[in-house]
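For reference, the chains in residue letters:
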Amino acid sequence: MSASTVINSTEPAGSSAPPAGRLPWWRREPLSIVELADALHVAKFGRRGFDPGRSIARMVELNATAAHVFPLGCHLDGNVLLFRHHSPGDPPPAFDYLQEWLDLSRPVGLRTVVYFNVHSVKAHHARRHPDWQQRRIDGSAKENVYNVESSFCVNSPWRNWVLDRLRELCAYPIDGIFFDGPVVFDDCCYCEHCRRSFREQFGSQMPPTDALDHEAFPALVEFRSGSLANFVRDSRNVIREFGDELLFYVNANPLYPSRIHARDNRKLAEHVDILASEGGFLGGDLMRENPLWKVSLNAKLLEAQASAAGVPHLVFDCLTHTPWTSYSLPAAEATLLWASSVAHGAGTWMSCYRDAMDRPGLRAIGSLYQFARQHTRELFDTRSLADVAILVSDATLNHYRGADVPQTDLAVERRNIAAGNVTHELYGWYSALWSSQVPLDLIDDRCIVDGILDRYRLIILPNSACLSDSCAQKLLEFVRRGGNLIASFETGLYDERGRRRSRGALDEAFGVTRAGVGISPPRQWDYLFDHTRPYRDSPLELCVPSPTCALSVRTDPQAQVLMTFSAPLADRYVDLAEDSGQAAVVRHHFGQGQCVYFACDFGAALRAWRIPEHLALVRDLVWQLARPRLRIDGASPCLEVSLRATRDGRSVLLHLVNYDGGMTRPMQRVLPLHDLTIGVRELGGIRAAETLRNPRRLSVAADEPWTTIQLPRLDEYEVVRFILETEQKPLELG
Ligand SMILES: [Zn+2]
């Protein structure tokens, strides 16, 4: 595949932006939203706890474009509806929070978005409306949300209550509505409204939410996500009655199985103005459990899903060091949360509690939001120039046996110990690539079906076990035309509903046969033998640790076996390891392209151990198969990059995010990197280069085929803008 093919690839359907004159405010201005939560203050002290003047002044100092405000309190409570309303049975407002806020915010140009919690309800309020509560399969009401609260069902009459409140809120001169949630909880909802609706649609009883093998389980997944999307659709229709300048967005799904909370981002994206998720909620044990690169992981997936629907994407970055609601993260962490979102084209929402508004974490946001105002087009009206994409398979997350649910504000962490844990596999491949400064995107199953593969040279399938026939067909065609695949473990062995295939859907491209093979007993102290290099006396000279889970596959005669497994050892001191001859890594030419297949959970090994030879193998393969357009000599593995182009194709932006905090989290300061030599190629002629955050001109040197620049120092974050030759045509980006 030629470079021009990659550059000239087209956007997904529906992504063409309307002319600038008709753009709504959230497309004209940077999405730089601040939330200084005061709901608990108002709940405790009433009007005395409300200080809009101080909050608004602080937000203006921070260069925010919009604020989240709390006229409905935080979690739903009929006693706290602090706006003009006619909610049956609920008291009139003690004071008009919303009007008082708007009287002060509008004159200073700060936009107002109303926070509307649609997932958590105070217990006393929920018990006044038992007919609205989400219910478990045994009929009991859901009453353990945040341990002590409940939740209402989107299919119950509560839906009409929400729509009525939206009409009342939109009668104020606000700029938007944000739904925190909505959600159907993972053990819900079996209320009479849901049961009846499911029976009418599918003609059967609802199966349990954890019955993955039940014949009606796909219908249940469809029903739950459809219910939620319809609720969002109907809410937006009400908001649209009040004009096109009212923003509406919801809390969509971060990177975990969408069936858990029924939030299918592809469905939600059709009914919101921005696709956003809590990708920047990192709390608790930051050092071991919550690396900062998870933010970019979420931002990239959101971008793929949002751009297909033609809407911007945004990451919710929480400055609170959860679970301590009144305590905030240091300035370096705040800066990196913002940078790892914006580096991937995402707007940001930064939040903390009102009492933390003068702490260093929030203070750091001021200069970042000023930067966003100065460079709106370069930061937000761009698209990725990555040559590599990693598949996040929604079908696999939802229907395969192993996936984790990370801790977020809404989700309780769940770890899955099943072999082939797809979360571990994804994290391993992702971290190996970003820490090698490979520009990369994330894509989902729909991206493949929609036909965007040709913009990439290499697709990575991290145990993408469940693939539909149409996905598999598109991938095979991609390789036939000259694209390349790296895949691991059970990729393609199941269909999109999790049913085992008689033969792997991509086996002919991988050059293997996996019919009837099972997973070997765990390899706890075994090895991989490298067959690509000569050894002097024994293959043990070149052996490296084996991943834990392996498949026994047969290889085609034309396939090249790069690595084999050692014969299983009964224990690590029993004997010297010997070559089993069983293929572990196989390279195969198929059509014009190539596949490298790992018959093991190699990504899980990358995530867990970071063995130098494993990382080097990945780097070498990616350089051979993707020929990335970016090279950074001597870079730290803490450096993440994002290579993007403005939509007019006239500038190329390189975002550099430095996560080097000296082995501490939360980071109190970032250790600067010095004297980076950065090379780019295949971007057209480059006339000049400059840094945007710390403005300076950089000297440009030609070193065919590379164009190189020197960056003397990098602190937390910088953007290099490459200015293309005016004589040349700008990059065509579709
Ligand atoms: Zn229900």
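The present account deals with the structure reproduced in this document.

Each value, and the rule that gives it
Residues numbered from 1 in each chain as written. Predicted model: local features only at pLDDT ≥ 70, side-chain atom pairs only at ≥ 80, totals over all residues. Heavy atoms only, no water. Core = buried A, V, L, I, M, F, W, Y, C linked by side-chain atoms within 4.5 Å. Buried < 20%, exposed > 50% of the residue type's maximum accessible area, 1.4 Å probe, protein only. Helix = DSSP H or I, 4+ residues; strand = E, 2+ residues; numbered from the N terminus. Contact = heavy atoms within 4.5 Å. Pairing = 2+ DSSP bridges. Right-handed = clockwise from strand over helix to strand, strands pointing away. Axes fitted to C-alpha atoms, helices over the stretch in contact; angles between N-to-C directions. Parallel < 35°, antiparallel > 145°, perpendicular 65-115°, else oblique. Nonpolar A, V, L, I, M, F, W, Y, C, P; charged D, E, K, R; others polar. Expected span 1.5 Å × (residues − 1). Donors = N, O, S within 2.8 Å, 3.2 Å for Na, K, Ca; no water. Tetrahedral: all angles 85-135°; square planar, octahedral: opposite > 155°, others 65-115°.

Before going further, it helps to examine the nonpolar core. By size, the foremost hydrophobic cluster in this structure holds 175 residues, and its most contacted members are F116, I177 and Y249. The biggest single contributor to this core is helix α9 (residues 217-240), with 10 residues. Beyond its immediate chain neighbours, meaning those up to four positions away, Y249 contacts I33, H68, V113, I177, F178, F179, V272, I274, A276, L314, F316 and W349.

For a regular strand, side chains alternate in direction, first toward one face of the sheet and then toward the other. Among the 5 residues that make up strand β13 (residues 484-488), 5 are buried, leaving the element largely enclosed by the rest of the structure. The alternating pattern of β13 places N484, I486 and S488 on one face and L485 and A487 on the opposite face, and all of these are buried. For strand β12 (residues 458-461) and β13, the ladder comprises 4 bridges, and the chain directions are parallel. From the neighbouring strand, I460 faces β13, where its bridge partner is I486. For the crossover from β12 across helix α20 (residues 469-480) to β13, the handedness is right-handed.

Let us now look at the sheet that holds strand β8 (residues 347-353). Strand order in the closed barrel formed by 8 strands is β1-β2-β3-β4-β5-β6-β7-β8, and the pairing between neighbours is parallel. Averaged over all adjacent pairs, the angle separating strand axes in this sheet is 25°, with direction ignored.

Turning to the packing of helix α12 (residues 293-309) against helix α18 (residues 422-434), a few remarks are in order. Viewed as axis vectors pointing N to C, α12 and α18 meet at an angle of 105°, and their least axial separation amounts to 11 Å. Here α12 lies roughly perpendicular to α18, going by the angle between them. The segment α12 lies against α18, with W293, K294, S296, L297 and K300 engaging Y427, Y430, S431 and W434. The residue inventory of the contact of α12 with α18, partitioned by class, reads 5 nonpolar, 2 polar and 2 charged.

Along the polypeptide, N265 turns up in helix α10 (residues 265-268). Leave out the neighbours within four places in its chain, and N265 touches A252, N253, L275, L302 and Q305.

Helix length check: helix α13 (residues 331-342) (12 residues) gives 17 Å between terminal C-alpha atoms against 16 Å at 1.5 Å per residue, within 8%. Most of α13 is tucked away, with 11 of its 12 residues classed as buried. Turning to α13, its buried residues number three or more, namely A332, E333, A334, T335, L336, L337, W338, A339, S340, S341 and V342.

Taken as a whole, helix α22 (residues 602-609) has its buried residues at F602, G603, A604, A605 and L606. Of the surrounding elements, those touching the buried residues of α22 are α18, β15 (527-530), β20 (593-598) and α23 (612-626).

The next thing to look at is the coordination of the zinc ion. In this structure, C153 (SG), C189 (SG), C191 (SG) and C194 (SG) serve as the protein donors to the zinc ion, at separations of 2.1 to 2.3 Å. What the 4 donor atoms of the zinc ion show is an angle range of 95 to 114° at the metal, which sorts the shape as tetrahedral. Mapped onto the sequence, the donors of the zinc ion take the spacing C-x35-C-x1-C-x2-C. Taken individually, C191 and C194 each receive the classification buried, so the pair is uniform in this respect.

With omega at -5°, the peptide bond leading from G181 into P182 counts as cis. Topologically, P182 is positioned in the loop between β4 (176-180) and α8 (192-202). The omega torsion across E704 and P705 is 0°, close enough to zero to call that bond cis. For Q437, which is not glycine, the phi dihedral falls at a positive 60°.

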